[in-house]
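What the coordinates show
Now for the letters of each chain:
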Amino acid sequence: MRRRDKGFLKFSLSLTVAASAFVLAIDTNTIAQGVYYPPAGSWAHKAPSEVGMDAARLDAAIAFAKTHETNWPRDFSTQEKIFGTLLGPIPKDRAGMNGLIIRHGYVVAEFGDTTNIAPTYSVAKSMLSTVTAVAVRDGLIKNLDAPVGSQVKDGGYDSQHNAKITWRNHLQQESEWEGEMWGKKHDFVGAVAFGDGERKPRELQDAGTFYEYNDVRINRLSLSLLRLFKKPVPEVFRDEIMNPIGASNTWQWIPYNNSYAEIDGKKTPSVSGGTRWGGGVWINAWDMARFGYLWLRAGKWGSKQLLPPDYVKAAVTPASASNSPDYGFLWWLNTRGKNHPELPRNVFEAQGAGSNTIFISPDHDLVIVWRWHGSGKQQFFKQVVDSIRQGS
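Residues numbered from 1 in each chain as written. Predicted model: local features only at pLDDT ≥ 70, side-chain atom pairs only at ≥ 80, totals over all residues. Heavy atoms only, no water.

Here's the deal with the side chain of asparagine 219
- With respect to the helices and strands, asparagine 219 occurs in helix H7 (residues 215-229).
- There is a polar contact of 3.2 Å between the side chain of asparagine 219 and the backbone nitrogen of glycine 273.
- Setting aside chain neighbours within four positions, we find asparagine 219 in contact with Met181, Trp182, Tyr256, Val271, Ser272, Gly273 and Trp277. (Helix = DSSP H or I, 4+ residues; strand = E, 2+ residues; numbered from the N terminus. Polar contact = N/O pair within 3.5 Å; in protein donor to acceptor, adjacent residues only side chain to side chain. Contact = heavy atoms within 4.5 Å.)

Observations regarding the pairing of strand E3 (residues 98-103)
- With respect to burial, E3 is a largely interior element, 6 of its 6 residues being buried.
- Residue alternation in E3 divides its side chains into two sets, Asn98, Leu100 and Ile102 and Gly99, Ile101 and Arg103, and both sets are buried.
- Pairing analysis gives 6 bridges linking E3 to strand E16 (residues 366-371), with the strands arranged antiparallel. Across the sheet, residue asparagine 98 finds its bridge partner in E16, namely arginine 371.
- Linkage of E3 to strand E4 (residues 106-111), two consecutive antiparallel strands, is achieved through a turn of 2 residues, within which histidine 104 is found at a positive phi near 50 degrees. (Buried < 20%, exposed > 50% of the residue type's maximum accessible area, 1.4 Å probe, protein only. Pairing = 2+ DSSP bridges.)

Examining the nonpolar core
- If you look at the biggest cluster of nonpolar residues, it comprises 113 residues, and the most contacted ones within it are Ile101, Leu225, Trp253, Trp295 and Phe380.
- With 9 residues, the single largest contributor to this core is helix H9 (residues 285-296).
- Setting aside anything within four residues of it in sequence, one finds tryptophan 253 in contact with Ala124, Met127, Leu128, Val131, Val233, Pro234, Phe237, Val271, Ser272, Gly280 and Val281. (Core = buried A, V, L, I, M, F, W, Y, C linked by side-chain atoms within 4.5 Å.)

Written out as structure tokens, the structure reads:
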């Protein structure tokens, strides 16, 4: 063999060894401790019978889902009537009802246009909770019960009332923060600004004693996280969550037209926790499913623990306010058995208007994404669970 042939053989062998190591690395990341994690760009499918599900019963559940599409118009023409004056963009249209069912990490069913990118409304709140988890993981928030104003010095927590608000209060929607964010006041008073969602004036309560679902206060939390990270929340979410879990690059987290703050002398966007007034997270069902699967796995992806286990546990623990509707850290819970009476108490959901839902059942190793659905949520999820054979 000539010298050049020997060199080529050595080079070829090196490439083969390197390629084998690369494939091994992929396999190790894809299947960690016997748990499947979908690699970027693909997601393995399995027949229902392969993951312990009855195909006929699952088909019946999906048939039920298909008859329960939302009555919202696909052109978003009722947006301002429902929510009030827009501050940011809204798409011109969206797909119809669609969804995915994931068991043991594998896709067992999909229906509708699951690749359509559309606002996910308040599912973004659960994503904002996830960004907060990153802040805890990285030591930017050392104590969730510390006043936010001890770290964020932009005037938003200077008043005697707001000075008491903690990170936990924000996450549980018990902050009672008082003020204005991007032209919307905390009190939701006024039909023009808040549409059908307008509220009557009421007396403010102390932080931590009263629950109120309130996007103005969630937007205050988002701005506070921006102040901590000193870079846009979507960049944190992309770099620390979505890229590591193999999400696509098609999703966006869009600010309002006027929601910008100065960070280190630079005009920087601050995003919302929903699409009530436009903007928000625009995403497809596949990327929503990856996000839900991360939470099913308690914040772990492959060999990496992306979210602190203690935070994940706290996030699915109900808030303490007497009027709280079984709510965790911007996640909807079932600890009282009222949201899903016939399902385990540890199921939890990310919910958005439309309706857009990510349903997670740890006991069944199950994630369901259901987009643009109307009524029937309890029945659909129960039918899917009932298609799982006992002991599987």
